[in-house]
Amino acid sequence: MPARILIVDDNQSLAKNLRDVLSGDRDLDVEVALAETGAEALDRAQKDGFEVAVVDVKLPDGSGVDLIGPLREACPHGEIVLVTGNATVNTAIAALRAGAFAFILKNFRPAELISTVAQALEKIALKREREEYERRYRAIVDAADVLIVGIDASGDVTLWNPRLAAMTGVSTEAAVGGPLPDNILDEDGKKRLYQAFVAVLGGGSASEVEVGVRDAMGAIRRVRWHLSAVRGSGKRVDLVYGIGIDVTERRALERRAADAEALNAMAPLALGLAHEIRNPLNAAVLELHLLGRGIERLEAPAVRDPMRARVRIVESEIKRLERLLTEFLEVARPRAPQREPLDLGRVVDEVLDLEAEAIAAHGLELVRELAAGVVALGDVEKLKQVVLNLVVNALDVMPQGGVLVARVGADEREAWLSIGDTGPGVDPNILAEIFDPFFTTKAAGTGLGLAIVRKIVDQHAGRVVVDTKKGEGTTVKVFLPRG
């Protein structure tokens, strides 16, 4: 499109001559409009815009210098060239301070006007090109599914992209202009990232470092940062860009693959060991039963009661050993699930009924929000084991009472169940490890409960999501394919 030129001069004869000069030049592709007053010029600028305005300093309704500000507000990308017959140094300085592109004295040659307008148009084109590059750059930074941060030589944040803001919960406005937010890195992470930053700042060569970053929920995410330098004038490093990739899931998958490989190798040993252990366990149970019957026949309470208490302790420990053995076999060599449509609400309801006595013993308030008609595809017994393990975990973290919340629902693709508690929550530093076999924070725990949950859900092509807040509680949500 032709560039729009606005000539503002009450001398119509001169204005038309200027129009003819600019329109007739073969190197300029322009269309020219005329205005006699400042008010008319401002009206045209607001309606049609302009690239270059050639403005006489003396106008019938005011000064051309005073018109610069309103014209630039009406058309921010436009440039303004002032024309006068008797300029002073003060007038020229005032015009340039107000934002004029150039100042031309009357009795100028046509070539001078053409050259000045051409330079103004070139400046506008370069400015628009720069803004387009900045817009594209900003769009890439904002849309990129990676974490991007810019840090200047003094250690202050200059760039903080939306992806990083969404993950950390720290807005771009809050992050830019100061040092890296203290709450997103632990001490070890700060130290290692700072060392890598200093190395890049000093040597200029790229560096990589992996640190833990605390997300908006307080969980620690593993992020691998690639740091690279941006050199300014004099080949000095002025800025360091960090491109971060969240590798939490990748590390978890690698760990789970290693665990699965180890457990697969242990499966034959587990089966043989289970056989060897269960035989003496069965014998011990039978002998303990006979011993209990013999104790009940004793007439002296002082002898009978202490022995009865010891028998109960042994029975409890044998049951715990049997449960540990069963859980270990479930993790090491689980049977394939049977796939059939099932009512997910009924599965959860039956487990809650089974654990009603334990829930009451803990003094818990039970909340059931089980949507009717939610059908999932899976194995009833295995999913009952999932719910049971989650309920038992919730009971363990609320020994002094609390609220146990069981929910069932569905969307278009997935059915889901969740078990929530009002316990102390999970430490963000161990959140990534709670599904690992044999990992436990309980004094007498086996570390297999959540590992079994993950194993069974994986067999059902589902997924597990943990939402936890320290001091407020934890909710474990299990998603399954709809039936």
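See the structure above.
Now for a quick tour of the structure. Note that the structure is predicted; figures quoted are calculated from it, not measured. (Residues numbered from 1 in each chain as written. Predicted model: local features only at pLDDT ≥ 70, side-chain atom pairs only at ≥ 80, totals over all residues. Heavy atoms only, no water.)

### Overview of the overall build of the chain
Note the cut-off: By definition, any uninterrupted DSSP run of H or I lasting at least four residues is a helix, any uninterrupted run of E lasting at least two residues is a strand, and each is numbered from the N terminus. Only protein chains enter the accessibility calculation, which uses a 1.4 Å probe; a residue whose area is less than 20% of its type maximum is buried, one above 50% is exposed, and one in between is partly exposed. Here, two residues are considered to be in contact whenever any of their heavy atoms come within 4.5 Å of each other. With residues, only the protein chains shown are counted as cover, and all accessible areas are computed by Shrake-Rupley using a 1.4 Å probe.
A count of helices and strands for the chain gives 14 helices and 19 strands. Counting all 483 residues of the chain, 38% fall into the buried class. In the chain, the share of contacts with a sequence separation of at least 24, taken over all contacts with a separation of at least 6, comes to 62%. Carbon and sulfur atoms form 53% of the exposed surface of the chain, whose accessible area is close to 26300 Å².

### Points about the packing of helix H11 (residues 344-354) against helix H13 (residues 380-396)
For any two helices packed against each other, one specifies the crossing angle of their axes together with the interaxial distance. Basically, it comes down to this: For every element, the axis is a line fit to its C-alpha atoms; helices are fit only across the contacting stretch, and the angle between N-to-C directions ranges from 0 to 180 degrees. Comment on the angle field: the value is read as roughly parallel under 35 degrees, roughly antiparallel over 145, roughly perpendicular from 65 to 115, and oblique elsewhere. Crossings are sorted by hand: turned counterclockwise from the far helix by less than a right angle, the near helix makes the crossing left-handed, and turned clockwise it makes it right-handed. For this classification, Asp, Glu, Lys and Arg are treated as charged, while Ala, Val, Leu, Ile, Met, Phe, Trp, Tyr, Cys and Pro are nonpolar and the rest, including Gly, are polar.
Orientation of H11 relative to H13, taken along the N-to-C sense of each, is 50 degrees, at an axis distance of 9 Å. With respect to each other, H11 and H13 are oriented oblique. Handedness of the crossing formed by H11 with H13: right-handed. For the pair H11 and H13, the contacting residues are Leu 344, Val 347, Val 348, Glu 350, Val 351 and Leu 352 in the first and Val 380, Leu 383, Lys 384, Val 387, Leu 388 and Val 391 in the second. Each residue belonging to the contact of H11 with H13 can be placed in one class, and the counts come to 10 nonpolar, no polar and two charged.

### What to know about H13
Given 3.6 residues per turn, any residue in an α-helix points the same way as the ones three and four places further on. Applicable threshold: Expected helix span is given by 1.5 Å per residue-to-residue step, counting one fewer step than there are residues. Identification of polar contacts relies on pairs of N or O atoms within 3.5 Å, with a donor-acceptor requirement for protein atoms, meaning one able to donate a hydrogen and the other able to accept it, and with residues adjacent in sequence counted only if both atoms are side-chain atoms.
The first and last C-alpha atoms of H13 sit 24 Å apart over 17 residues, in line with the 24 Å expected at 1.5 Å per residue. Sitting at the head of H13, Asp 379 places a side-chain oxygen 3.1 Å from the backbone nitrogen of Glu 381.

### Overview of the environment of Glu 208
Along the chain, Glu 208 falls in strand E10 (residues 207-214). Sequence spacing of Glu 208 and Ser 228 is 20 residues, and the spatial spacing of their C-alpha atoms is 8.9 Å. The contacts of Glu 208, once residues within four sequence positions are left out, are Arg 224, Trp 225 and His 226. In terms of polar contacts, Glu 208 uses its side chain to reach the side chain of Arg 224, at 3.1 Å. Separated by 3.4 Å, the side chains of Glu 208 and His 226 make a polar contact.

### Some words on the pairing of strand E16 (residues 402-410)
Our working rule: Two strands make a pair as long as DSSP finds a minimum of two bridges between them.
Here strand E14 (residues 364-370) runs beside E16; their pairing, made up of seven bridges, is parallel. Along E16, the bridge assignment pairs Arg 368 with Ala 406. Sheet analysis places E16 next to strand E17 (residues 414-421), joined by six bridges and oriented antiparallel. Of the residues in E17, the one forming a bridge with Gly 409 is Trp 416. Joining the antiparallel neighbours E16 and E17 is a turn of three residues.

### Digging into the sheet that holds strand E6 (residues 79-84)
Taken in spatial order, the five strands of this open sheet run E2-E1-E3-E6-E7, and their pairing is parallel. At either end of the open sheet lies a strand with only one pairing partner, and these are strand E2 (30-35) and strand E7 (102-105). Across the sheet, the axes of successive neighbouring strands diverge by a mean angle of 20 degrees, strand direction being ignored. In the sheet, strand E3 (residues 52-56) pairs with E6 via five bridges, with the strands oriented parallel. Note on E6: the bridge partner recorded for Ala 53 is Ile 80. Across the sheet, helix H2 (residues 38-48) is in contact with strand E1 (3-8) and E2; its angle to E2 comes to roughly 140 degrees.

### Side note on unusual backbone geometry
Even without being glycine, Ala 461 reaches a positive phi, approximately 60 degrees. You can see Ala 461 is positioned in the loop between helix H14 (449-459) and strand E18 (463-469).

### Description of the packing of aromatic side chains
For clarity, the threshold we go by: We call Phe, Tyr and Trp rings a pair once their centres come within 6.5 Å, taking the six-membered ring for Trp, and we label the pair stacked below 30 degrees between planes, edge-to-face above 60, and tilted otherwise. The criterion is that NZ of a Lys, or CZ of an Arg, lies within 6 Å of the ring centre and within 35 degrees of the ring normal, and then a charge sits over that ring.
Applying the stated criterion across every chain, the model contains zero aromatic pairs. Directly above the ring of Phe 479 sits Arg 463, whose terminal nitrogen or CZ lies 3.9 Å from the centroid.

### Section: the environment of Leu 193
Mapped onto the secondary structure, Leu 193 falls in helix H8 (residues 187-203). Between the C-alpha atoms of Leu 193 and Leu 227, which are 34 residues apart in sequence, the distance is 9.4 Å. Residues within four places of Leu 193 in sequence aside, it is in contact with Leu 180, Leu 185, Val 209, Val 211, Trp 225 and Leu 227.

### Some details on the pattern of salt bridges
The condition that has to hold: When a carboxyl oxygen of Asp or Glu lies within 4 Å of a side-chain nitrogen of Lys or Arg, that pair is called a salt bridge.
Applying the stated criterion across every chain yields a total of 24 salt bridges. With a shortest N-O distance of 3.4 Å, Glu 51 and Arg 4 are connected by a salt bridge. A residue pair is termed long-range when its members are at least 10 positions apart, and Glu 51 in the loop between H2 and E3 and Arg 4 in strand E1 qualify at 47 residues. Between Glu 369 and Arg 407 there is a salt bridge; the shortest N-O distance is 2.6 Å. Taken together, the residues span a long stretch of sequence, with Glu 369 in strand E14 and Arg 407 in strand E16 at a distance of 38 residues.

### Examining a nonpolar patch on the surface
Our working rule: Residues with no salt bridge and a relative accessible area higher than 30% make up the patches, which join like charges within 9 Å and nonpolar side chains (Val, Leu, Ile, Met, Phe, Trp, Tyr) within 5 Å.
Together, Leu 298, Val 303 and Met 307 make up a nonpolar patch on the protein surface, roughly 210 Å² of accessible area in all. Mapped onto the elements of the fold, Leu 298 is located in the loop between helix H9 (248-296) and helix H10 (301-332). Residue Leu 298 is classed as partly exposed on the basis of its relative accessible area, which comes to 32%.

This is a description of form; function is not addressed.
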